[in-house]
Structures are given as C-alpha cells and as structure tokens.
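Fold and contact review
Residue-level listing of the chains:
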Amino acid sequence: MRTIIEMAPLQVYYSGLLFTPRSSLIRGGYLKNIPWVAMEPKVADVWSSLIQTLEGHTKNVNSAVFSPNGKLVASASMDSTVRLWDTSTGTQCGVLEGHTSWVNSVAFSPDGKVVASASWDKTVRLWDTSTGKQCRVLEGHTSYVNSALFSPDGALIASASWDNTVRLWDASTGKQCGVLEGHTSKVNSATFSPDGKLVASASDDKTVRLWDISTGKQCAVLEGHTSAVNSTVFSPDGKLVASAFWDNTVRLWDTSTGKQCGVLEGHTSYVNSAVFSPDGKLVASASWDKTVRLWETSTGKQCGVLEDPTHNINSAVFSPNGKLVASASMDNTVRLWDASTSKQSGDLEGHTRNVNSVVFSPDGKLVASVSWGKTVRLWDTSTGTQCRVLEGHTDNTNSAVFSPDGKLVASASWDKTVRLWDVSTGTQCGVLEGHTWPVNSAVFSPDGKLVASASRDKTVRLWDTSTRKQCRVLEGHTSYVISAVFSPDGMLVASASRDNTVRLWDTSTGKQYGLLEGHTSKVNSAVFSPDGKLVASASRDQTVRLWDISTGKQGGVLEGHTDNVSSVVFSPDGNFVASASWDNTVRLWDTTKKTTIEIIDTHATIKIMKFSNDGARLHTSRGLLQLKSSLHSRGNRELAHTLTHSLYVTDQWITCNMKKLLWLPVDYRLSCSAVNDTANLIVIGSRSGTVTFISIDFTALPAAYLQPSVHIPVIASKGFLGYNFPC
C-alpha cells in the first residue's frame, strides 16, 4: 500500500474515501470532494480485523512467518522467491532469489539473523536477513522439500520432503546429520518440540510421527486420521500436538500418551495448517474455505473467524506477542489481522465465491452476474442494488446470457442443465435437461426462439424456448464442446471444441453442414462474420483462422500471438477481426490482407469481447478499449471528441483514457467486468463475490483525464496501453 501511495497519492486518497466503511467519519466528511463519482460502490459498515495486505508476489503465497522480534514477516511463494516485509509499514524490504522452483515454506532462526526456505527444487536454502544474500544450500533430498524449521537453540534444521523422509542438518555447516525414515508416503511438515528433543512429522500416510532427536528413532505414531495430514505443531509447553487434516478438521494429541484429545470442527474445506498462540491458549487454523479460525485450546470452541473473501488460505501464524495473525493466501498476498477482535465488517449483498461473468441486459437496465456458486443474480444498474437471486442450480454455474428481448436469462451449469428464468419475476420457467456432462455455455438464437448449449458430453443441443423441449442433438465432436454460436440468420450453428475443430450445423435438420479442420490444438471460440459468409476461430495453437462457409476451406491464418488465443470477434463491417490472447494482448487484423494493424497490451487476459456499433471500440471483460487504427483509418481525428471516454480496469486500477483514476483495494479487484458506455457505468465482479457498480461523471473530471488517448500517434505493433501516463 505504501508504494501505491508514493506513486499515486491523489488516486489513493479518492479510493480511501470511496472504499472506507460507511461508519467512517472521514468518509462522511470528505466524500463530497469526489464530485465526478456519480454512483458510489457499496461498502461494508465497519472495519474488519484486517490490518494490512502485503502485495508483491506474482504467484500463490504458500507460507508466512514472523521474525522473533515481530518486526519482519517472511513469505514463501510459488514465484520461487522469499520476500521480507516490514510489519509496521507494510513495505517490502527484501527479495531473496535463488530457488529454481516453488518455495513451500520459510522460517526464521531463533536470533532472527537467518531465514531457511524449503523448495520444490529439492533444496533448503539459508539466507542472511541483513543482506538478503544466500549463505547455504542444503542438498540431499531426492524429491520436493515441503518445509524447513530451526530447532529452538538454532543448531539444527529439520526438513520434510516428498521422498518420505525428514532430514536433520547442522545449521552452522549445512551438513546433513540425520535421516528420519519410517513414513510410507510424502512428508508435508516437520517441527521441533519446545525443548528440542523431539520432532513431529505429518504425512500423506495419514499419520503424525514423533522422533527422538538424539537417537533418530521413532518413538510414537499418532494414528486416527483418515486422509493426508498437512501439518503438525507442538504447543508451547510441549504437552500437545495439533495436526491439520484434509477432512476439514484440526486434531489435538497428548504427546505423553499419543492419544487424541480434541477435534476442532467448523471449517468447510481442507485445513492446510494449524499453529498455537505464544501462550498456548489459542490455535489458529488456515483453510481453503478462505478463513483462518481461532480456537480455545482448553475447550476446543471456535472463538474467532478471520475471513479472506478472495482466495484460499495456505497457512497462518501468530506474531511473537500473539496480537497479530499473518495469513498466506492463494491471491498472491500476505494479510495481517488483529487477533483480538475477529470483527466482521458487515454483510454486503452478493455472491460468496468468485464472480465469473457479468453481462448487461439488452436495454442496459439490468446486470446478470454468475459465480462459482449455484446462483445467478440480477442487479438494477440505476441503483447498483441486487433485485433478483435466481436459485435452482444444484452445482456451479458457468455462464448466463439474456435473450434478445431481455425477457429471459439462460444459465449453464455443472449440474448438466440449462435453466431459463423470467427476468421480471426471477422465477425459473424452464429446466433444459438432456446433457450427460456439465454444460459450458448457452446462447440464444437471433430471434430468441432457440437456445444452443455446448457441453463436455461432446454435443451441442438445441432447445425450443417456448416449449422448453430439446429439438436437436448435434453430434460429431470427439471431445468437449467449449462454445457454440448462431449465424446472423440463425440457420447455422458453429461449435468450437477441444478436438481441434470447428463444426457447422444446420439448425433446421441438426445435420453437420461443415467440418473446419486445420488447428493443431483446441479451439476456444468461433464467430460468424456479420454477413454470415466467414467464420473466425481462436485456438490454443496461438492462431486465429478464417474460414469460407460456402466451401469450408481455410481462408487465412492470422499468426502473431505468442500464447493461447482465448476469443475472437468481427467488427460490424466485417473488415476487421480482434483477437484476445493469454499473451495479454489484443490484436486487430485486416481480414482482407490478413495482417496485424494494431496490438494493444491489455495487462491481463481478456475473456470476452465485442465491437461497439461504430467499430471504434472494443467492449471487453475488463472495460472499453479504444482502437486508434479504426479512427485514423477513416481520416477523422475529430471523431475522438464524440466518443465516450474509455473506462478500463487493470489489476489494481480503474483507468480513464488509460490514466490511473481509482486504486482498487484487494477485495474489490476484478475477475470480470462490463461497461455500459452510454451510462458511463462500470460493473466489476470480484474474486470476493461482490459485484461493484461505479459510475463516472466525465463532466466533473479533471481536464487531464479527458484528453482522448487516440491523439497518440499510431505506431505499428505498439498499442496505446503500452504508454506510461503521468498520474
């Protein structure tokens, strides 16, 4: 956060006011200073227990741990680095680089001068915390190393590995001084007892084992788990061991007898780690249910829940004074929490899981949102409030789409059905059953009389929307069908499949009309040209291909992307094709010359695109992109002044004309979005499950934001998102 403030203080000031809880006096007193926000985002009532979010890792954070004096946090990540953070400011103060694969765990030495990190590169590495330099590499494991920990006196290091062993190392020399063998499957963690005489190890063989350090012999096997044990830890007095388990529980064991003496139940998904507070009175457990839960050791009762609304939590640890908890998350962050409050910030309407898609109704008055849960939700765009919850699916929902007249919504689900909903009442008015595997997508025909559904059962099915009956089964694909689309006249359907083909189907007979072969990997999407004479297909083979419908022959291969091409769309006049790729670019192609005429760096993968009616912009799953080349090719530079200003969302920012406008806190960051350019409204579906509405009054914006980016000279093969704008 400090780095963001230093880079763009004014924008963070705006964001602080907008996203501060409703009860904040500062928000109440100063929010009027942002006159250009026409619709404010819905926010929580009060502050939660979250104190800081530490950002910098580029992949999942597997573990985080406090230094002995509590002034630093070290975090281990799948990005192959260990990072050091100042707990008072939240600033990153060191990046420890050297591992060649994921770093699974990190631990400080008792004096705080050294950090040990365990990695999938089969090594443990020791780092000097004052200089950040690597000072030892401990080699000997023959498979991935899951954890490493210092003994209480700092003389030894214990490491746990997928080679089914725990190894002991001399911390001063780096030499191996013991191998603890006995587990029959991979060992996930190892930890020393407070007196340094024992090691406890947790394994996929469903056991926790205790080892005598002086002899290297196994002295107890704690049995009772019915699945893999992820981690284990001693209580501060050494009398208990807590083990985290994939059955969603934490179990407590008496070390003197080896008997189970408590089961901590409440998590709704895998528990990855558990740790005692410094005084031994609490246990904190981290889970893939996106929570850290606090438990009273004496009673086993849950006494607090720290909720991370965005991602699963891999580990949690108490600060030395027990006042803070640090959690490591799969959204690439470390979070610091106040352990004493466990406050809830107040419920916000919305999904409880990641939002996959948000889409406007044809008249722009409603938005439908889809999440990894079982519901579709409808929102009033004039107020940003939830007006309908469409319930009925029995498994995750993949997509939703409005009918052309806006009266129906069709939703596709992993429960193998497509469901039709009456938009005016929110009631389910049809269950389209017949698929034998999950349904990936559904789409209405141009006249709204049919729905085509694409499924993992290798079929496309056509349904009559008036009778809710199946009227055709389009069979022929040899692998999953990813998407299906109607031709402009509704006479054909094109289906894209993992079998590397696009197939054309006659909707009146259900017979295969054409087979478009040529891609060398799965086809993600296919789309008809506006006149229905061409099909463009996007593939994992990094190409877009054009096909002549009348002959079925390939009419061009558009090459240039360096990764999977996720989607493709024609311009309204059919002269251009835009393609989006996992290489984080959108390319604009001339369909006649088969050449790239513009490349836009999007900073993220675009999932969905469509051209504006005038062909000058792209509506994408992250906002509006202005196409310079389409404007300049018309020789009408004045057209720029008549266009709605471009709103776009990067990883952390809402931008206007690609200039940073609002910084987004972690819980509000985008997983999908939609923009209504006539209302200057941006809708953001987030990983936390919230759907956020923000409307911008461009007439009240500072003048610097209103200079259209299209006045930047067109440079071949460089998109306007690649330019750096002043804040």
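What you see is a predicted model; the values in this text were computed from it and never measured.

Summed over all chains, the structure comprises zero disulfides. There is no disulfide at Cys177, and the cysteine sulfur nearest it, in Cys135, is 17 Å away. Taking relative accessible area as the criterion, Cys177 reaches 48% and is therefore assigned partly exposed. Not engaged in a disulfide, the cysteine Cys429 finds its nearest cysteine sulfur in Cys387; these two sulfurs lie 16 Å apart.

Spatial ordering of the open sheet is given by S38-S39-S40-S41, a layout of four strands whose pairing is antiparallel. Across the chains shown, the open sheet's two edge strands, defined by having one partner strand only, are strand S38 (439-444) and strand S41 (469-475). Each neighbouring strand pair of the sheet contributes to a mean axis angle of 20°, computed without reference to strand direction. Both strand S39 (residues 450-455) and strand S40 (residues 459-464) contribute to a ladder of five bridges, which runs antiparallel.

As enumerated under the stated definition, the model contains 13 salt bridges in all. The shortest N-O distance in the salt bridge between Lys186 and Asp204 comes to 3.5 Å. Of this pair, Lys186 sits in the loop between strand S14 (176-181) and strand S15 (187-192) while Asp204 sits in the loop between strand S16 (198-203) and strand S17 (207-212), and the two are 18 residues apart along the sequence. The class for Lys186 is partly exposed, based on a relative accessible area of 22%. Given the relative accessible area of 25%, Asp204 is considered partly exposed.

What follows covers the confidence of the model for the chain. Considering every residue of the chain, the mean pLDDT works out to 86; 91% of them sit at 70 or more. Here helix H4 (residues 628-633) is the element of the chain with the lowest mean pLDDT, 55, and S40 is the one with the highest, 97. pLDDT under 50 marks residues 631-643. Its contacts with residues more than four places away, or in other chains, come to 23 contacts. Predicted confidence is poor over residues 709-727, with pLDDT under 50, and the contacts of this stretch with residues over four places away or in other chains come to 50 contacts.

What follows deals with the nonpolar core. Residues Val115 and Val325 are the most contacted members of the largest nonpolar core, which totals 34 residues. The contact partners of Val325, leaving out residues within four places of it in the chain, are Phe66, Val292, Leu306, Ala316, Val317, Phe318, Arg335, Leu336, Trp337 and Ala339.

Within a beta sheet, neighbouring strands are joined by backbone hydrogen bonds and run either parallel or antiparallel to one another. Here four strands make up an open sheet; going across it, the order is S23-S24-S25-S26 and the pairing antiparallel. Only two strands of the sheet have a single partner each, and these edge strands are strand S23 (271-276) and strand S26 (302-307). Strand-to-strand, the axes of this sheet are offset by a mean angle of 20°, without reference to chain direction.

Checked against the element boundaries, Ser159 lands in strand S12 (residues 156-161). Residue Ser159 is classed as buried on the basis of its relative accessible area of 0%. In this structure the side chain of Ser159 is engaged in a polar contact, spanning 2.7 Å, whose partner is the side chain of His141. At 2.8 Å, the side chain of Ser159 forms a polar contact with the side chain of Trp169.

Moving on, we come to the packing of aromatic side chains. Across all of its chains, the model carries seven aromatic pairs by this definition. Note on Trp120 and Tyr144: the rings are 3.9 Å apart at their centroids and 0° apart in plane angle, and the pair reads as stacked. Residue Trp120 is located in the loop between strand S8 (114-119) and strand S9 (123-128), and its partner Tyr144 is located in the loop between strand S10 (134-139) and strand S11 (145-150); the two are separated by 24 residues in the primary sequence. On the basis of relative accessible area, Tyr144 is assigned to the partly exposed category, the value being 28%. Both rings, one in Tyr270 and one in Trp288, keep their centres 5.7 Å apart while their planes meet at 50°; by these two values the pair is tilted. With Tyr270 in the loop between strand S22 (260-265) and S23 and Trp288 in the loop between strand S24 (282-287) and strand S25 (291-296), this residue pair connects regions lying 18 residues apart in the sequence. Among the residues examined, Trp288 registers a relative accessible area of 29% and is labelled partly exposed. Connected via pairs of aromatic rings, a cluster forms that spans Trp102, Trp120, Tyr144 and Trp162.

Cut-offs applied
Residues numbered from 1 in each chain as written. Predicted model: local features only at pLDDT ≥ 70, side-chain atom pairs only at ≥ 80, totals over all residues. Heavy atoms only, no water. Disulfide = S-S within 2.5 Å. Buried < 20%, exposed > 50% of the residue type's maximum accessible area, 1.4 Å probe, protein only. Pairing = 2+ DSSP bridges. Helix = DSSP H or I, 4+ residues; strand = E, 2+ residues; numbered from the N terminus. Axes fitted to C-alpha atoms, helices over the stretch in contact; angles between N-to-C directions. Salt bridge = Lys/Arg side-chain N within 4 Å of Asp/Glu carboxyl O. pLDDT = per-residue confidence, 0-100. Contact = heavy atoms within 4.5 Å. Core = buried A, V, L, I, M, F, W, Y, C linked by side-chain atoms within 4.5 Å. Polar contact = N/O pair within 3.5 Å; in protein donor to acceptor, adjacent residues only side chain to side chain. Phe/Tyr/Trp six-rings, centres within 6.5 Å; stacked < 30°, edge-to-face > 60°.

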